[in-house]
Each structure stands twice: as structure tokens, then as C-alpha cells.
There are 2 protein chains.
Amino acid sequence: MEEVAKVAGVSLATVSRALRTPEAVSPKLRTRIEEVSRRLGYAPNRIAGSLAGARTPLIGVIVPSLTNSFFAGTLEQMTTLFEAKGYQLMIGQHGYDTDREERIVAAFASWNPSALVVTGRAHTRNTLNTLSSSACPVVEMWDHGERPLDSGIGFSNRAAGKLAARFFAEQGIAKAAFVGAILDKDDRARARAEGFRQEFLHLTRFEPLIVTANNRELGEGGSALKRVLGQQPETSAIAFSGDMLAVGAMFEADRIGLSIPGDLKILGYGDLDIARNTNPRLTTIRPPHNAIGEAVVRHVLERLEAPDTPSVNLDLGVKLILRETV
Amino acid sequence: MEEVAKVAGVSLATVSRALRTPEAVSPKLRTRIEEVSRRLGYAPNRIAGSLAGARTPLIGVIVPSLTNSFFAGTLEQMTTLFEAKGYQLMIGQHGYDTDREERIVAAFASWNPSALVVTGRAHTRNTLNTLSSSACPVVEMWDHGERPLDSGIGFSNRAAGKLAARFFAEQGIAKAAFVGAILDKDDRARARAEGFRQEFLHLTRFEPLIVTANNRELGEGGSALKRVLGQQPETSAIAFSGDMLAVGAMFEADRIGLSIPGDLKILGYGDLDIARNTNPRLTTIRPPHNAIGEAVVRHVLERLEAPDTPSVNLDLGVKLILRETV
DNA sequence: CTGTTAGCGCGTTCAT
DNA sequence: ATGAACGCGCTAACAG
């Protein structure tokens, strides 16, 4: 910057202003400075800039997994929307491990980000402390419940589970099952399972079978189906914690000669692209995936532009997409 | 930090040392300082630290898309491996837009990262300039070719296309097609398409049909199949630029009563989890996805630990996974 | 509108 | 082994 200033014949401060707040510099100097800094290939040092300015254009976003297409989608959306406003996403991933989350949150907070976005509502004490003592807006996304730390934007996973149970109960199903991926670690999937169990029991007086899958991929859907049928042969309907598991079960059903929905009804969750392309097409519950990313960005931007904007706690709801597997 | 120093009754420098290089401080003071800083919830300011230290623990990684499961997988892997060494990933995504890439690279470079990892070999002049003038190691991943900017770790997409063509040619196929997603933007998919076309033409003297799909999802695979059959009804084998497209085509084939591989042979690319679960199971080409992430991390770590480590240019190769759709 | 000056919070010499 | 002092590159006040 010193060199630019020297060549352009101005002071350091003017160079800084010309690049940071061009409207505060006379057009003549501005163009000259811009020209010189381009010619010299000058790139401002963000680190020094933020040290002096006490704020970075960084938004920390922490998700459990990057390969989970929901989070990948949210991140892709947020990246694009924030980029347009000059913010840059700092992405963290903890693999459903709250201790790892704690370390990542601490690391992110030390960068003085403009905002911090985390997934879900289950955090360690320390995470909570770090989050609440950081000066920036904090958003908990992808879940909904009472009293978020700061702002909450998502939907009730428990309600999603209940919706599935109610749907099955209305069809007069007595023997149902819920297959969930890593229910021990994924508290949102667990909330759906729990909502399903409670509501189904409440409405039908039958206790549904709950089965845990080891991951959210197709192969596990197939083997989970076998386990369900082994433990509860009369099962006539299964709800899954993800579309991929559901599709895996459909493939497996095909292999063992079960017809869908005749012999077995299948309900997915996610409404991924694949859901409207299988044969038969998959009935599924759609979370507000696009709405979440948009709402988070909009809210954070508002808070950043008008710091007195109040926190929010939004429930964006879920939707049953009726197709052909139920 | 000042507060910690005061409470512990030492100087700022000693606090810094106790936290940064504990072995340089007497055990007594060290434990006292650690205790105090924990009690006070002191979190060092990374920004100030890097300004003084002239290097950040940040690794910039730029991919075209986060929802593409290959890149998501590589990122997830890299996140975990780098995290274990105290590095933090800074992730960027440009949606196959080289101008956006240029801006992201510039933004990342201004953070003084420890390393910069980009996807592919096609970049704008400015990107190339920024990259080569940044002091850190630079890795171009997911593709292979002559003379990378600094280090290259990937495989030859052209060779992958040729492999598919050779495989079809050996089966005596005359009417073949290649369906690729966004071939206008994704230069790696285009390299596969081009390799396929050249090799198939070379071996059979038949020009294959090349069709572009608008995205890499299942729905597009189905409609691409219809387009292929419309333009070249005698097509007996199709290679796809992605497994999801291939599976979409399989579903569509099922709907229109085409049997696979009897009436139509299908070859995927990616070897996603779904490939070994469809009925019939999908024959596909597997890129070295896990090997890429690992190799990038290993190489970057080596360069960081021993700065005189030479650059590399690795071709990790692809593999044909023979299953039941060909 | 422009220049001068004072830090931002820490790592790192250099003395001691 | 410890402390004092400097400076990393820039932005924000202030003065002119």
C-alpha cells in the first residue's frame, strides 16, 4: 500500500479510502489510485484490515456434514447470496460430534466473524458460552424450538415425525416402523423418530418399531428393510429419516419381490430429486430446505445492516408430498 | 491477553509464549498461565496473531459446487485431516464460473493462507497470476495434465472418456452415445466426452452422439435418454458423465419398457453408493475420489513442514467397475 | 477532500 | 527463563 501511495503521490490513508470508500475521494485521485494499484497488482491484506477495523467480512457456518445434500444445498445457496453482498463463508463440519463442534466454534469465533450460523439446537456448555459471548449475530438453523440462543430458523423435526405417523394412522396402518440414520448422533433425526413414535402410539395404540441405520446411504436402506422384516414381519408401512434410505429399501423390496405400495408402503423424507424419479415415485416429507438458506441470509443481512433488528425464531414448517409409494 | 498477564503476574510476552511455545516457559508459570487463561475464558485473537506471525492456519479450497458429491466428499475428508493438524479450511464455490473463481481466489489469497487448492486446470489469466504470485503452495486437483501451475493431483478425464469408449468398442457396439451434464461449463466432463468421442471414432469409425444435460441430476438422465433415442433410435449403449444421470436413465428405460442391458447398455461415472444398489447394478467408472483428498492433504502438509519439498504432478488413474448394466 | 497520527492484539526480537 | 519494545498492514479518528 505504501508503494501505491508513493507512486500515486498520495498518503496511505487516501489509498485506503479510495479502495474502501471510493465516494469519499475525489474522482481524479480515485481513478489514479485505482489505476496504480491495478498496475502494481496491489492486493490489500485482509488480516491487517480486519485488525484495524475490528470486523471481518466472514460468516462462520457450521454443519454436521458436507456430504449430506441438505446442508450442501444450504451452503451453496448461502455462499452465493452472501458473496453478492461481499461476505465470505467460512465453513466448518463436525460429523455430528459436539466436541468437534465446540472446537470449531471457538476457532471461528476467534476470527471475529460478522455472524455465526450453527446447525441445530444441541450444543455443549462451552459452545453455548462461546456463542453467546461473541459479539456477532448467532443463528441456529435447521431446527425449531423454544428460546434459541439468539435467532432460530428452521422447522420442528418432531412435528415432521408426527406428520408421518398421522399419515400412516389415517390409512389404518397398525404395524409400522421408522428407520433412522445414526439416531444416536443426529438429534434432528432422533426428534423425527421420537415424534413419529409418540404420535403413532397415541393415535393407534400400537408401538412402532424403531430401527437405526448406520449411515444415510442407499445400501443401509436395503439392509434396514431386511432387519425390519426380520423383527416385525407384518410391517406394512415404513417411514425413513431420508429419501436415500427409502430408495435403497425400494430397490431391496424389488429384489425380494415385495410390491410397493401394495405389500409395503414407503415414506421418505427430504424430497430429493430422486424422489420424483423412482418407479413408483416416492411419497415423502419435504423440509423447507431452500427457505432455510434464504431466511438465514436475509435475517443476517438485516441484522448486519441495522444492528438493532430483533432476533427471530422462525418455524418454516414441513410438507407432505403425496406420490405413489403410500 | 493483557488481563491474563496481569492476573498471572507476568508479562504479555510470557503469556504468548506459554500458549504458543509452552516448552519455552517454566512449568510453574506455564500451568499458572494456562489456568488463568482458562478461567478467564481467554481466546487468542487469530487475526492479530497472524498479522504478527505473517501466516494463517487457513487452507483455501475452491470447488465448482458443494452439492456435487465428489467435491463434497473431498472437502469433508480434507476438513477432517487438516483439522487434526490445526489447519482450518476456507471453502469457496464458484458454480463453474471462472470469473467468480477469479474473485474468490483473489479474496482467499488476501488472507495469506498456508496453501491454496483449486479444482481443475482451466483458469483465467488473472487467477493464474494471483495464484502464482501468492507465496504459498498451490494445488490443482481433480484433473491431470502437463505442467500444472505448482502441484497437480488428480487423473486424466480424457483417459476416463477413452476407457469408456474402448469398453464399448470391445463389445462390438456401433451406435453409442455420451450424455454429459453442462458440457459447456464443466471442462472436466467435457474432457471425458471428448476422449470418448475421439477414441470411439478411432476404434469403430462411428461418430458417437454427444448430448448435453442441463444438470447432473436424475430427472435430466431420463429426459436425456429420450433425446438420445429420438436422435439416434438404434443406440445400443450410452455412457454418462455421472451416475445420477445414468440411474435416471435406468428409471426412464424401465418406464418405457427397455430392458437393461439387453436393449440398452448403460455406463455410469462416479461409482456413487447408488451404483451398487440399483437393479441391475450399475457398471461405472470410478475416479480416485478418496485418493485425491488424501494425496492433497499429505502433499500440502509435507510442503508446509519442509518448504523445500518439490512440487508433484500425480495421475491417480480411474478404474472400470464391472457390474450388470453393460 | 486530504494528510497525520494512533492504535488494532499479538509474535518476536533483544536484552537481562 | 523472562520482560520491554517494536512492528505486522491497515483503518479510524482528527485536524487541516
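- In the annotation of an unreviewed UniProt entry, chain A is listed under the name LacI family gluconate utilization system Gnt-I transcriptional repressor and assigned to Roseibium marinum.

### Details of the protein's contact with DNA strand D
Item 1. Residues in close proximity to DNA strand D total 22 residues, the closest being A:Ser16, A:Arg20, A:Tyr42, B:Thr14 and B:Leu29.
Item 2. Here DNA strand D approaches the protein such that, of its atoms within 4 Å, sugar and phosphate make up 69%.
Item 3. Here a base nitrogen of DNA strand D sits 3.5 Å away from a polar atom, N or O, in the side chain of A:Arg17.
Item 4. At a separation of 2.8 Å, a phosphate oxygen of DNA strand D approaches a polar backbone atom of B:Ser26.
Item 5. Secondary-structure elements contributing two or more residues to the surface near DNA strand D are α2 (12-20) and α4 (46-53) of chain A together with α2 (12-20) and α4 (46-53) of chain B.
Item 6. When grouped by side-chain class, the residues that make up the surface near DNA strand D number 13 nonpolar, six polar and three charged.

### With respect to the protein's contact with DNA strand C
Item 1. Inspection of the region around DNA strand C gives 23 residues, with A:Thr14, A:Ser26, B:Ser16, B:Arg20 and B:Tyr42 positioned closest.
Item 2. Considering DNA strand C, the proportion of its atoms within 4 Å of the protein that are sugar or phosphate atoms stands at 64%.
Item 3. Between DNA strand C and the protein, one listed contact pairs a base nitrogen with a backbone N or O atom of B:Ala48 at 3.3 Å.
Item 4. Looking at the surface near DNA strand C, the elements with two or more residues in it are α2 and α4 of chain A together with α2 and α4 of chain B.

### Considerations on the packing of helix α8 (residues 157-170) of chain B against helix α9 (residues 187-204) of chain B
Residues and elements named next belong to chain B.
Item 1. Relative orientation of the contacting elements α8 and α9 amounts to 35°, with a least axis distance of 6 Å. Read as a crossing pair, α8 and α9 show a hand that is right-handed. Note on element contacts: α9 touches α8 through Arg188, Ala191, Arg192, Glu194, Gly195, Phe196, Gln198, Glu199, Phe200, Leu203 and Thr204, opposite Asn157, Arg158, Ala160, Gly161, Lys162, Ala164, Ala165, Arg166, Phe168 and Ala169.
Item 2. Class assignment of the residues belonging to the contact of α8 with α9 gives a composition of nine nonpolar, five polar and seven charged.

### A closer look at the nonpolar core
Item 1. Core analysis: the largest hydrophobic core is formed by 146 residues, its most contacted members being A:Ile59, A:Phe168, B:Ile59 and B:Phe168.
Item 2. Membership of the second largest hydrophobic core comes to 26 residues, among which are A:Met90, A:Leu116, B:Met90 and B:Cys136.

### Description of the packing of aromatic side chains
Both the distance between ring centres and the angle between the ring planes are used here to describe each pair of aromatic rings.
All names here are of chain A.
Item 1. A full pass over the atoms with the stated rule returns 20 aromatic pairs over all chains.
Item 2. Arranged with centres 5.8 Å apart and planes meeting at 5°, the rings of Phe196 and Phe200 form a pair that is stacked. Taken together, the residues Phe196 and Phe200, both in helix α9 (residues 187-204) and four residues apart, mark about one turn of the helix.
Item 3. An aromatic cluster is present here, built from Phe70, Phe71, Trp142, Phe155 and Tyr269 joined pairwise through their rings.

### What about the pattern of salt bridges?
Item 1. For the coordinates displayed, the defined rule picks out 34 salt bridges over all chains.
Item 2. In this structure, the salt-bridge partner of B:Arg121 is B:Glu140, at a minimum N-O distance of 3.5 Å. Note that B:Arg121 is positioned in the loop between β3 (115-119) and α7 (125-133) and B:Glu140 in strand β4 (residues 138-141), a separation of 19 residues in sequence.
Item 3. Under the relative-accessibility criterion, B:Arg121 is labelled partly exposed at 24%.
Item 4. Given a relative accessible area of 2%, B:Glu140 falls into the buried group.
Item 5. In this structure, B:Arg197 engages B:Glu207 in a salt bridge whose closest nitrogen and oxygen atoms are separated by 2.7 Å. In this pair, B:Arg197 is assigned in helix α9 and B:Glu207 in the loop between α9 and β7 (209-213), connecting sequence segments 10 residues apart.
Item 6. The class for B:Arg197 is partly exposed, based on a relative accessible area of 23%.
Item 7. Members of the salt-bridge network, linked through shared partners, are A:Asp271, A:Asp273, A:Arg276, A:Arg286 and A:Arg323.

### Section: the relation of the copies chain B and chain A
Item 1. When chain B is fitted to chain A, the best match, at an RMSD of 0.2 Å, comes from turning it 180° and sliding it 0.0 Å along the axis. In symmetry terms, the pair is related by a two-fold rotation axis.
Item 2. When you check the interface residues of chain B against chain A, 100% turn up at the interface there too, and the contact is symmetric in its surfaces.

### Concerning the pairing of β3(B)
Residues and elements named next belong to chain B.
Item 1. Counting buried positions along β3 gives five out of five residues, so the element sits mostly inside the fold.
Item 2. Side chains of β3 alternate between two faces, with Ala115, Val117 and Thr119 and Leu116 and Val118 buried alike.
Item 3. Where strand β1 (residues 58-63) lies against β3, four bridges are found, and the strand directions are parallel. Counterpart to Ile59 in the pairing with β3 is Ala115.
Item 4. Of the pairings in the sheet, the one linking β3 to β4 comprises four bridges and is parallel in character. Bridge assignment links Val117 to a residue of β4, and that residue is Val139.
Item 5. The β-α-β motif built from β3, the intervening α7 and the parallel element β4 has right-handed crossover chirality.

### A closer look at the sheet that holds strand β11 (residues 313-315) of chain B
All names here are of chain B.
Item 1. Taken in spatial order, the six strands line up as β2-β1-β3-β4-β5-β11 in an open sheet, and their pairing is parallel. In this open sheet, the two strands that pair with only one neighbour each are β2 (88-93) and β11. Neighbouring strand axes in the sheet, compared pairwise and without regard to direction, differ in orientation by 20° on average.
Item 2. Pairing of β4 with strand β5 (residues 151-154) involves three bridges; the strand directions are parallel. The residue bridging Met141 from the neighbouring strand is Ile153, located in β5.
Item 3. In this fold helix α12 (residues 289-305) packs onto β1, β3, β4, β5 and β11, with an angle of close to 160° to the strand it touches most, β5.

So, how was this worked out
- Residues numbered from 1 in each chain as written.
- Chains lettered and ligands numbered in written order.
- Predicted model: local features only at pLDDT ≥ 70, side-chain atom pairs only at ≥ 80, totals over all residues.
- Heavy atoms only, no water.
- Near = heavy atom within 4 Å.
- Polar contact = N/O pair within 3.5 Å; in protein donor to acceptor, adjacent residues only side chain to side chain.
- Helix = DSSP H or I, 4+ residues; strand = E, 2+ residues; numbered from the N terminus.
- Nonpolar A, V, L, I, M, F, W, Y, C, P; charged D, E, K, R; others polar.
- Axes fitted to C-alpha atoms, helices over the stretch in contact; angles between N-to-C directions.
- Left-handed = near helix turned anticlockwise from the far one by under 90°.
- Contact = heavy atoms within 4.5 Å.
- Core = buried A, V, L, I, M, F, W, Y, C linked by side-chain atoms within 4.5 Å.
- Buried < 20%, exposed > 50% of the residue type's maximum accessible area, 1.4 Å probe, protein only.
- Phe/Tyr/Trp six-rings, centres within 6.5 Å; stacked < 30°, edge-to-face > 60°.
- Salt bridge = Lys/Arg side-chain N within 4 Å of Asp/Glu carboxyl O.
- Least-squares fit on C-alpha atoms with pLDDT ≥ 70 in both.
- Pairing = 2+ DSSP bridges.
- Right-handed = clockwise from strand over helix to strand, strands pointing away.

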